[in-house]
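Architecture at a glance
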Amino acid sequence: MDANRVGTHSNSKPEMCDKAGYLGGKDDDRLSKLPDDILVDIMSRMSLKEAARTSVLSSRWKHLWKYIPFLKFDADNVYKIMDHHSADELIEIEAPKYVEWVNSVIQSHKSPTLKQFKIHFHLDRRHTDAITRWIEFAFSRQAERLELNHESFVNPKRYYCFPRFHSFATSNSLKALSLKSVHVRDAAVEFILRNCPRLEELFVRYSHNFSNLEVCGSSLKLKRLDL
Amino acid sequence: MAAETGTPTTLTLKSNDDELFSVAESAAILSVTIRNMVEDGCAGGVIPLDNVDGKTLASVITYMNGISAIPADEEKKKSYRDKFLSDKDFETLADMVLAANYLNMSCLMDAVSAKIAQVMEKKSVGWVRRKFGIENDYTPEEEAAVKEEHKWTFEGVETDDDN
(Lines give C-alpha, C1' and ligand atoms only; values in the text may rest on other atoms or scores of the structure.)
Protein backbone atom coordinates (compact mmCIF):
# COMPACT_ATOMS: atom_id res chain seq x y z
CA MET A 1 0.00 0.00 0.00
CA ASP A 2 2.95 2.33 -0.29
CA ALA A 3 2.62 5.49 -2.27
CA ASN A 4 3.86 4.84 -5.73
CA ARG A 5 6.60 7.31 -6.49
CA VAL A 6 7.25 7.92 -10.13
CA GLY A 7 10.11 10.35 -9.70
CA THR A 8 13.61 9.38 -8.78
CA HIS A 9 14.17 11.79 -5.93
CA SER A 10 13.69 9.22 -3.28
CA ASN A 11 13.17 5.54 -3.11
CA SER A 12 12.37 5.33 0.53
CA LYS A 13 9.02 4.02 1.59
CA PRO A 14 6.70 6.74 2.84
CA GLU A 15 6.54 5.15 6.27
CA MET A 16 10.25 5.51 6.61
CA CYS A 17 9.87 9.26 6.48
CA ASP A 18 8.02 9.24 9.74
CA LYS A 19 10.14 8.63 12.74
CA ALA A 20 8.07 6.62 15.11
CA GLY A 21 7.40 8.04 18.49
CA TYR A 22 8.17 11.59 19.35
CA LEU A 23 6.51 14.76 18.55
CA GLY A 24 9.07 16.47 16.38
CA GLY A 25 9.43 19.64 18.35
CA LYS A 26 12.69 21.08 17.08
CA ASP A 27 12.94 24.80 16.91
CA ASP A 28 10.30 25.59 14.40
CA ASP A 29 6.87 25.80 15.84
CA ARG A 30 4.68 24.25 13.18
CA LEU A 31 1.65 24.11 15.40
CA SER A 32 1.52 27.89 15.87
CA LYS A 33 2.10 28.35 12.16
CA LEU A 34 -1.06 26.51 11.22
CA PRO A 35 -3.80 28.84 10.00
CA ASP A 36 -6.27 30.13 12.58
CA ASP A 37 -9.18 28.13 11.25
CA ILE A 38 -7.30 24.85 11.56
CA LEU A 39 -6.17 25.63 15.10
CA VAL A 40 -9.72 26.56 16.03
CA ASP A 41 -10.91 23.30 14.48
CA ILE A 42 -8.38 21.38 16.58
CA MET A 43 -9.45 23.19 19.73
CA SER A 44 -13.11 22.56 18.96
CA ARG A 45 -12.40 18.91 19.67
CA MET A 46 -11.30 19.62 23.23
CA SER A 47 -13.37 20.45 26.25
CA LEU A 48 -13.92 24.17 26.76
CA LYS A 49 -11.48 24.17 29.63
CA GLU A 50 -8.76 22.45 27.65
CA ALA A 51 -9.25 24.77 24.69
CA ALA A 52 -9.16 27.91 26.81
CA ARG A 53 -5.99 26.85 28.57
CA THR A 54 -4.11 27.16 25.28
CA SER A 55 -4.36 30.94 25.71
CA VAL A 56 -1.41 30.71 28.09
CA LEU A 57 0.91 29.07 25.52
CA SER A 58 1.95 32.27 23.77
CA SER A 59 0.46 35.49 22.43
CA ARG A 60 -0.38 33.70 19.17
CA TRP A 61 -2.80 31.56 21.15
CA LYS A 62 -4.22 34.16 23.47
CA HIS A 63 -7.54 34.74 21.74
CA LEU A 64 -7.84 31.77 19.39
CA TRP A 65 -10.01 29.63 21.67
CA LYS A 66 -12.59 32.41 21.74
CA TYR A 67 -13.50 31.47 18.20
CA ILE A 68 -14.48 27.87 18.82
CA PRO A 69 -18.09 27.34 17.79
CA PHE A 70 -18.84 24.92 20.63
CA LEU A 71 -19.58 26.27 24.09
CA LYS A 72 -20.14 23.31 26.33
CA PHE A 73 -20.26 24.38 29.94
CA ASP A 74 -19.69 21.03 31.59
CA ALA A 75 -18.87 21.38 35.25
CA ASP A 76 -17.33 17.95 35.59
CA ASN A 77 -15.26 18.88 38.62
CA VAL A 78 -18.40 19.70 40.57
CA TYR A 79 -19.94 16.27 40.08
CA LYS A 80 -17.01 14.71 41.82
CA ILE A 81 -17.84 16.46 45.06
CA MET A 82 -21.55 15.75 44.71
CA ASP A 83 -21.40 12.73 46.99
CA HIS A 84 -20.44 14.91 49.87
CA HIS A 85 -23.13 17.52 49.57
CA SER A 86 -26.86 17.58 49.21
CA ALA A 87 -28.17 19.07 45.99
CA ASP A 88 -29.26 22.19 47.78
CA GLU A 89 -25.92 22.74 49.37
CA LEU A 90 -24.25 22.23 46.05
CA ILE A 91 -26.42 24.82 44.38
CA GLU A 92 -25.75 27.28 47.14
CA ILE A 93 -22.01 26.86 46.96
CA GLU A 94 -21.24 26.13 43.37
CA ALA A 95 -23.95 27.79 41.34
CA PRO A 96 -22.67 31.36 41.72
CA LYS A 97 -19.25 30.20 40.52
CA TYR A 98 -20.79 28.42 37.58
CA VAL A 99 -22.88 31.44 36.64
CA GLU A 100 -19.83 33.68 36.84
CA TRP A 101 -17.87 31.25 34.67
CA VAL A 102 -20.48 31.15 31.93
CA ASN A 103 -20.89 34.92 32.06
CA SER A 104 -17.19 35.60 31.74
CA VAL A 105 -16.75 33.19 28.84
CA ILE A 106 -19.65 34.49 26.80
CA GLN A 107 -18.57 38.05 27.46
CA SER A 108 -15.24 37.45 25.75
CA HIS A 109 -16.40 34.93 23.16
CA LYS A 110 -15.88 36.03 19.59
CA SER A 111 -17.24 33.35 17.28
CA PRO A 112 -20.09 34.98 15.34
CA THR A 113 -21.93 31.67 15.11
CA LEU A 114 -22.25 28.66 17.37
CA LYS A 115 -22.71 25.04 16.53
CA GLN A 116 -23.57 24.18 20.10
CA PHE A 117 -24.37 25.95 23.34
CA LYS A 118 -24.75 23.69 26.33
CA ILE A 119 -25.52 24.43 29.95
CA HIS A 120 -25.18 21.52 32.32
CA PHE A 121 -25.53 22.42 35.95
CA HIS A 122 -27.99 22.28 38.82
CA LEU A 123 -29.60 25.62 38.31
CA ASP A 124 -33.10 26.69 39.15
CA ARG A 125 -35.37 29.68 39.01
CA ARG A 126 -33.14 31.66 41.32
CA HIS A 127 -30.83 31.99 38.32
CA THR A 128 -33.55 33.00 35.91
CA ASP A 129 -31.99 36.28 34.79
CA ALA A 130 -28.66 34.69 33.96
CA ILE A 131 -30.13 31.68 32.18
CA THR A 132 -32.44 33.81 30.08
CA ARG A 133 -29.50 36.02 29.07
CA TRP A 134 -27.54 32.92 28.04
CA ILE A 135 -30.38 31.70 25.89
CA GLU A 136 -30.59 35.14 24.29
CA PHE A 137 -26.85 34.97 23.67
CA ALA A 138 -27.15 31.53 22.06
CA PHE A 139 -29.90 32.74 19.77
CA SER A 140 -27.97 35.90 18.89
CA ARG A 141 -25.03 33.71 17.85
CA GLN A 142 -27.32 31.56 15.74
CA ALA A 143 -26.70 28.43 17.75
CA GLU A 144 -27.54 25.20 15.95
CA ARG A 145 -27.88 23.13 19.12
CA LEU A 146 -29.09 24.51 22.41
CA GLU A 147 -29.09 22.36 25.52
CA LEU A 148 -30.18 23.23 29.03
CA ASN A 149 -29.74 20.42 31.49
CA HIS A 150 -30.47 21.43 35.06
CA GLU A 151 -30.38 17.92 36.53
CA SER A 152 -33.36 15.96 37.67
CA PHE A 153 -32.85 16.22 41.38
CA VAL A 154 -33.46 19.93 41.44
CA ASN A 155 -36.80 20.41 43.14
CA PRO A 156 -39.40 20.63 40.34
CA LYS A 157 -41.11 23.46 42.14
CA ARG A 158 -37.99 25.49 41.63
CA TYR A 159 -37.38 24.68 37.96
CA TYR A 160 -36.27 27.45 35.72
CA CYS A 161 -39.15 28.34 33.45
CA PHE A 162 -38.33 28.48 29.76
CA PRO A 163 -39.45 31.92 28.66
CA ARG A 164 -42.18 32.63 26.20
CA PHE A 165 -39.98 34.54 23.87
CA HIS A 166 -41.13 37.39 21.77
CA SER A 167 -38.61 38.42 19.21
CA PHE A 168 -35.28 36.76 19.73
CA ALA A 169 -36.38 33.14 19.70
CA THR A 170 -36.85 33.34 15.99
CA SER A 171 -34.02 31.40 14.49
CA ASN A 172 -33.14 30.07 11.11
CA SER A 173 -30.23 28.19 12.62
CA LEU A 174 -31.62 26.20 15.51
CA LYS A 175 -31.66 22.50 14.62
CA ALA A 176 -31.82 20.90 18.04
CA LEU A 177 -33.26 22.03 21.35
CA SER A 178 -32.89 19.93 24.46
CA LEU A 179 -34.37 20.96 27.83
CA LYS A 180 -34.03 18.89 30.96
CA SER A 181 -35.45 19.82 34.32
CA VAL A 182 -36.82 23.02 32.90
CA HIS A 183 -40.45 24.10 33.03
CA VAL A 184 -41.68 24.40 29.51
CA ARG A 185 -45.15 25.62 28.78
CA ASP A 186 -47.21 24.66 25.75
CA ALA A 187 -47.05 28.18 24.43
CA ALA A 188 -43.25 28.28 24.56
CA VAL A 189 -42.94 25.05 22.59
CA GLU A 190 -45.52 26.19 20.08
CA PHE A 191 -43.66 29.45 19.64
CA ILE A 192 -40.36 27.65 19.05
CA LEU A 193 -41.96 25.27 16.55
CA ARG A 194 -43.46 28.13 14.61
CA ASN A 195 -40.39 30.34 14.64
CA CYS A 196 -37.50 27.95 14.23
CA PRO A 197 -38.15 26.44 10.81
CA ARG A 198 -34.97 24.38 10.75
CA LEU A 199 -35.65 22.61 14.02
CA GLU A 200 -35.14 18.88 13.61
CA GLU A 201 -34.97 17.65 17.19
CA LEU A 202 -36.90 18.74 20.23
CA PHE A 203 -36.25 16.98 23.48
CA VAL A 204 -37.97 17.93 26.74
CA ARG A 205 -37.46 15.86 29.85
CA TYR A 206 -38.71 16.25 33.43
CA SER A 207 -41.14 18.96 32.62
CA HIS A 208 -44.68 18.36 33.77
CA ASN A 209 -46.66 21.13 32.35
CA PHE A 210 -47.86 20.07 28.93
CA SER A 211 -51.61 20.03 28.74
CA ASN A 212 -52.76 20.73 25.27
CA LEU A 213 -49.72 21.07 23.07
CA GLU A 214 -50.27 21.88 19.45
CA VAL A 215 -47.43 20.75 17.22
CA CYS A 216 -47.65 22.82 14.13
CA GLY A 217 -45.66 25.16 11.96
CA SER A 218 -45.67 26.29 8.39
CA SER A 219 -42.62 24.32 7.32
CA LEU A 220 -41.81 21.85 10.05
CA LYS A 221 -38.62 19.89 9.54
CA LEU A 222 -39.00 18.12 12.86
CA LYS A 223 -37.63 14.59 12.83
CA ARG A 224 -37.57 13.81 16.54
CA LEU A 225 -39.95 14.97 19.17
CA ASP A 226 -39.41 13.61 22.64
CA LEU A 227 -41.54 15.14 25.38
CA MET B 1 -14.29 9.59 -13.95
CA ALA B 2 -12.76 6.12 -13.97
CA ALA B 3 -13.15 4.12 -17.11
CA GLU B 4 -15.93 1.62 -16.81
CA THR B 5 -13.97 -1.11 -18.48
CA GLY B 6 -10.34 -2.11 -18.68
CA THR B 7 -7.59 -1.15 -16.27
CA PRO B 8 -8.25 1.36 -13.53
CA THR B 9 -7.33 4.93 -14.35
CA THR B 10 -4.12 6.17 -12.79
CA LEU B 11 -3.37 9.80 -12.01
CA THR B 12 0.01 11.44 -11.66
CA LEU B 13 0.37 13.89 -8.80
CA LYS B 14 3.25 16.34 -8.48
CA SER B 15 4.37 17.73 -5.12
CA ASN B 16 5.68 21.26 -4.71
CA ASP B 17 9.23 19.87 -4.61
CA ASP B 18 8.71 18.18 -7.96
CA GLU B 19 8.25 14.60 -6.90
CA LEU B 20 5.87 12.62 -9.05
CA PHE B 21 3.50 10.00 -7.69
CA SER B 22 1.12 7.73 -9.48
CA VAL B 23 -2.08 6.82 -7.72
CA ALA B 24 -5.30 5.09 -8.68
CA GLU B 25 -7.94 7.62 -9.53
CA SER B 26 -10.43 5.77 -7.34
CA ALA B 27 -8.19 6.44 -4.32
CA ALA B 28 -7.12 9.96 -5.30
CA ILE B 29 -10.68 11.25 -5.56
CA LEU B 30 -10.99 10.97 -1.80
CA SER B 31 -9.57 14.46 -2.17
CA VAL B 32 -12.40 16.73 -3.23
CA THR B 33 -9.80 19.08 -4.74
CA ILE B 34 -8.53 16.29 -7.00
CA ARG B 35 -12.03 14.97 -7.69
CA ASN B 36 -13.09 18.40 -8.94
CA MET B 37 -10.10 18.50 -11.26
CA VAL B 38 -10.96 15.07 -12.59
CA GLU B 39 -14.58 16.00 -13.09
CA ASP B 40 -13.57 19.21 -14.85
CA GLY B 41 -11.33 17.21 -17.16
CA CYS B 42 -8.16 18.89 -15.89
CA ALA B 43 -6.51 15.69 -14.73
CA GLY B 44 -5.18 14.44 -18.03
CA GLY B 45 -1.50 15.08 -17.50
CA VAL B 46 0.29 15.76 -14.27
CA ILE B 47 -1.71 17.26 -11.41
CA PRO B 48 0.39 19.85 -9.60
CA LEU B 49 -0.27 20.14 -5.86
CA ASP B 50 1.48 23.37 -5.01
CA ASN B 51 0.90 23.28 -1.28
CA VAL B 52 2.07 19.76 -0.49
CA ASP B 53 5.66 18.53 -0.31
CA GLY B 54 6.78 15.10 -1.44
CA LYS B 55 7.19 13.61 1.99
CA THR B 56 3.71 14.64 3.07
CA LEU B 57 2.16 13.66 -0.24
CA ALA B 58 3.70 10.19 0.07
CA SER B 59 2.01 9.80 3.45
CA VAL B 60 -1.30 11.11 2.17
CA ILE B 61 -1.21 8.70 -0.76
CA THR B 62 -0.46 5.81 1.56
CA TYR B 63 -3.56 6.85 3.45
CA MET B 64 -5.65 7.19 0.27
CA ASN B 65 -4.66 3.71 -0.87
CA GLY B 66 -5.17 2.17 2.54
CA ILE B 67 -8.53 3.67 3.33
CA SER B 68 -10.00 3.17 -0.14
CA ALA B 69 -9.11 -0.54 0.02
CA ILE B 70 -11.43 -0.92 3.00
CA PRO B 71 -15.03 -1.65 2.13
CA ALA B 72 -17.76 0.54 3.56
CA ASP B 73 -17.23 -0.31 7.19
CA GLU B 74 -16.83 2.73 9.38
CA GLU B 75 -15.35 0.72 12.27
CA LYS B 76 -12.61 -0.71 10.11
CA LYS B 77 -11.91 2.65 8.51
CA LYS B 78 -11.61 4.21 11.91
CA SER B 79 -9.19 1.59 13.15
CA TYR B 80 -7.14 2.02 9.97
CA ARG B 81 -6.99 5.78 10.57
CA ASP B 82 -5.96 5.30 14.20
CA LYS B 83 -3.22 2.89 13.22
CA PHE B 84 -2.08 5.10 10.34
CA LEU B 85 -1.67 8.11 12.63
CA SER B 86 -0.31 6.26 15.64
CA ASP B 87 3.34 6.43 14.63
CA LYS B 88 3.34 9.91 13.10
CA ASP B 89 5.51 12.53 14.73
CA PHE B 90 4.06 15.91 15.34
CA GLU B 91 5.71 17.65 12.40
CA THR B 92 4.18 15.09 10.10
CA LEU B 93 0.77 15.61 11.70
CA ALA B 94 1.02 19.37 11.27
CA ASP B 95 2.05 19.00 7.62
CA MET B 96 -0.68 16.48 7.10
CA VAL B 97 -3.47 18.62 8.51
CA LEU B 98 -2.41 21.41 6.15
CA ALA B 99 -2.33 19.00 3.22
CA ALA B 100 -5.70 17.51 4.14
CA ASN B 101 -7.12 21.01 4.30
CA TYR B 102 -5.68 21.93 0.90
CA LEU B 103 -6.76 18.65 -0.66
CA ASN B 104 -10.17 18.94 0.97
CA MET B 105 -10.13 15.48 2.55
CA SER B 106 -12.49 15.82 5.45
CA CYS B 107 -12.00 12.32 6.88
CA LEU B 108 -8.23 12.76 7.13
CA MET B 109 -8.59 16.33 8.35
CA ASP B 110 -10.95 15.20 11.12
CA ALA B 111 -8.71 12.35 12.16
CA VAL B 112 -5.52 14.43 12.26
CA SER B 113 -7.15 17.34 14.09
CA ALA B 114 -8.59 14.95 16.64
CA LYS B 115 -5.19 13.34 17.09
CA ILE B 116 -3.46 16.68 17.68
CA ALA B 117 -6.20 17.68 20.14
CA GLN B 118 -5.79 14.37 21.92
CA VAL B 119 -2.03 14.90 22.25
CA MET B 120 -2.52 18.39 23.71
CA GLU B 121 -5.32 17.57 26.10
CA LYS B 122 -4.76 17.22 29.82
CA LYS B 123 -1.15 18.35 29.48
CA SER B 124 0.45 21.18 31.32
CA VAL B 125 1.22 24.39 29.45
CA GLY B 126 4.93 23.74 29.83
CA TRP B 127 4.64 20.25 28.39
CA VAL B 128 2.76 21.48 25.33
CA ARG B 129 5.27 24.28 24.79
CA ARG B 130 8.20 21.90 24.98
CA LYS B 131 6.71 19.17 22.82
CA PHE B 132 5.53 21.47 20.08
CA GLY B 133 8.39 23.95 20.25
CA ILE B 134 6.10 26.85 21.12
CA GLU B 135 8.06 29.89 22.16
CA ASN B 136 6.60 31.68 25.14
CA ASP B 137 6.71 35.33 24.11
CA TYR B 138 4.78 36.63 27.11
CA THR B 139 6.58 38.72 29.68
CA PRO B 140 6.25 37.20 33.16
CA GLU B 141 3.70 39.90 34.00
CA GLU B 142 1.67 39.22 30.87
CA GLU B 143 1.73 35.50 31.47
CA ALA B 144 0.58 35.96 35.04
CA ALA B 145 -2.26 38.14 33.82
CA VAL B 146 -3.38 35.61 31.18
CA LYS B 147 -3.20 32.81 33.74
CA GLU B 148 -5.25 34.83 36.18
CA GLU B 149 -7.82 35.56 33.51
CA HIS B 150 -8.06 31.85 32.69
CA LYS B 151 -7.69 30.53 36.21
CA TRP B 152 -10.68 28.24 35.75
CA THR B 153 -8.84 26.31 33.06
CA PHE B 154 -6.20 25.12 35.48
CA GLU B 155 -8.53 23.36 37.90
CA GLY B 156 -7.63 19.70 38.06
CA VAL B 157 -4.48 20.07 35.94
CA GLU B 158 -1.04 19.34 37.27
CA THR B 159 0.73 22.43 38.42
CA ASP B 160 3.07 23.63 35.82
CA ASP B 161 6.50 24.77 36.81
CA ASP B 162 7.60 25.03 33.18
CA ASN B 163 10.68 22.98 33.68
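So, how was this worked out
- Residues numbered from 1 in each chain as written.
- Chains lettered and ligands numbered in written order.
- Predicted model: local features only at pLDDT ≥ 70, side-chain atom pairs only at ≥ 80, totals over all residues.
- Heavy atoms only, no water.
- UniProt positions renumbered as here; feature names shortened; annotations may be inferred.
- Helix = DSSP H or I, 4+ residues; strand = E, 2+ residues; numbered from the N terminus.
- Buried < 20%, exposed > 50% of the residue type's maximum accessible area, 1.4 Å probe, protein only.
- Contact = heavy atoms within 4.5 Å.
- Domains from an automatic or database assignment.
- Salt bridge = Lys/Arg side-chain N within 4 Å of Asp/Glu carboxyl O.
- Polar contact = N/O pair within 3.5 Å; in protein donor to acceptor, adjacent residues only side chain to side chain.
- Nonpolar A, V, L, I, M, F, W, Y, C, P; charged D, E, K, R; others polar.
- Patch = residues over 30% accessible without salt bridge, like charges linked within 9 Å, V, L, I, M, F, W, Y side chains within 5 Å.
- Areas by Shrake-Rupley, 256 points an atom, 1.4 Å probe, with all protein chains shown as cover.
- Lys, Arg positive; Asp, Glu negative; His and termini not counted.
- Charge placed at Lys NZ, Arg CZ, Asp CG, Glu CD.
- Pairing = 2+ DSSP bridges.
- Axes fitted to C-alpha atoms, helices over the stretch in contact; angles between N-to-C directions.
- Parallel < 35°, antiparallel > 145°, perpendicular 65-115°, else oblique.
- Left-handed = near helix turned anticlockwise from the far one by under 90°.
- Core = buried A, V, L, I, M, F, W, Y, C linked by side-chain atoms within 4.5 Å.
- Arc of directions from axis to C-beta.

The name given to chain B in an unreviewed UniProt entry is SKP1-like protein, with the source organism recorded as Erythranthe guttata. Under Sequence similarities (unreviewed entry), UniProt gives the following word-for-word description of chain B: "Belongs to the SKP1 family." The Function (unreviewed entry) comment attached to chain B in UniProt states, word for word, "Involved in ubiquitination and subsequent proteasomal degradation of target proteins. Together with CUL1, RBX1 and a F-box protein, it forms a SCF E3 ubiquitin ligase complex. The functional specificity of this complex depends on the type of F-box protein. In the SCF complex, it serves as an adapter that links the F-box protein to CUL1."

Under an unreviewed UniProt entry, chain A has the name F-box domain-containing protein and belongs to Erythranthe guttata.

**Points about the overall build of chain A**
When helices and strands are counted, chain A shows seven helices and nine strands. Each of the 227 residues in chain A was classed as buried or not, and the buried ones make up 48%. Restricting the contact set of chain A to residue pairs at least 6 apart, pairs at least 24 apart contribute 67%.

**Let's talk about the domain arrangement of chain A**
All names here are of chain A. Looking at chain A, the domain boundaries give domain 1 (22-67) and domain 2 (69-226). At the junction of domain 1 with domain 2, the criterion picks out zero salt bridges. Put simply, domain 1 and domain 2 have three residue pairs in polar contact (both at pLDDT 80 or more) between them. Of the residues that constitute the side of domain 1 that touches domain 2, the class distribution is four nonpolar, two polar and one charged.

**What about a negative patch on the surface?**
A grouping of Glu135(B), Asp137(B), Glu141(B) and Glu142(B) is seen on the molecular surface, where their side chains present a negatively charged patch. In this structure, Glu142(B) sits in helix α8 (residues 140-149).

**Details of the sheet that holds strand β6 (residues 176-180) of chain A**
Residues and elements named next belong to chain A. Spatial strand order, β2-β3-β4-β6-β8-β9: six strands in an open sheet with parallel pairing. Of all the strands in the sheet, the pair left with one neighbour each is β2 (70-74) and β9 (224-226). Neighbour to neighbour, the strand axes of the sheet diverge by 5 degrees on average, direction disregarded. Each of β2, β3 (116-120) and β4 (145-149) touches helix α6 (residues 128-140); the most contacted strand, β4, lies at about 165 degrees to it.

**Overview of the pattern of salt bridges**
Evaluated as defined, the whole model comprises 23 salt bridges over all chains. Its salt-bridge partner being Glu144(A), residue Lys175(A) comes within 3.7 Å of it at the nearest N-O pair. In this pair, Lys175(A) is assigned in the loop between β5 (160-161) and β6 and Glu144(A) in the loop between α6 and β4, connecting sequence segments 31 residues apart. By relative accessible area, Lys175(A) is classed as partly exposed at 33%. Residue Asp18(B) is joined to Lys14(B) by a salt bridge in which the shortest nitrogen-to-oxygen separation is 3.8 Å. A single salt-bridge network, built from bridges that share partners, covers Arg30(A), Glu91(B) and Asp95(B).

**Regarding the packing of helix α4 (residues 74-86) of chain B against helix α6 (residues 106-120) of chain B**
Residue and element names in this part refer to chain B. Where α4 contacts α6, the two axes come as close as 11 Å, and the packing angle between them is 55 degrees. Classified by the angle their axes make, α4 and α6 are oblique. Like other packed secondary-structure pairs, α4 and α6 cross with a definite hand, here right-handed. Where α4 abuts α6, its residues Arg-81, Phe-84, Leu-85 and Ser-86 lie against Cys-107, Leu-108, Ala-111, Val-112 and Lys-115.

**A closer look at the nonpolar core**
Core analysis: the biggest nonpolar cluster contains 104 residues, and Leu31(A), Phe73(A), Tyr98(A), Phe117(A), Trp134(A), Phe162(A) and Ile34(B) have the highest contact counts within it. For Phe162(A), the residues in contact, after removing those within four places along its chain, are Ile135(A), Leu148(A), Leu177(A), Leu179(A), Val182(A), His183(A), Val184(A), Ala188(A) and Ile192(A).

**Some remarks on helix α7 (residues 125-132) of chain B**
Among all positions in α7(B), only Val125(B), Gly126(B), Val128(B), Arg129(B) and Phe132(B) are buried. Seen from one end, α7(B) has its buried residues packed into an arc of 165 degrees, which puts them on one side. Considering only its buried residues, α7(B) is in contact with α1 (30-33) and α3 (48-53) of chain A together with α5 (90-103), α6 and α8 of chain B.

**Things to note about the pairing of strand β8 (residues 201-205) of chain A**
All names here are of chain A. The alternating pattern of β8 places Leu-202 and Val-204 on a buried face and Glu-201, Phe-203 and Arg-205 on a face that is not buried. Where β6 meets β8, five bridges bridge the pair, whose relative direction is parallel. Residue pairing in the sheet places Leu-177 in a bridge with Leu-202 of β8. In the sheet, β8 pairs with β9 via three bridges, with the strands oriented parallel. Looking at β9, one finds that Glu-201 is bridged to Arg-224.

**Side note on the side chain of Arg53(A)**
Tracing the chain through its elements places Arg53(A) in helix α3. A distance of 2.9 Å separates polar atoms of two side chains, one belonging to Arg53(A) and the other to Glu50(A).

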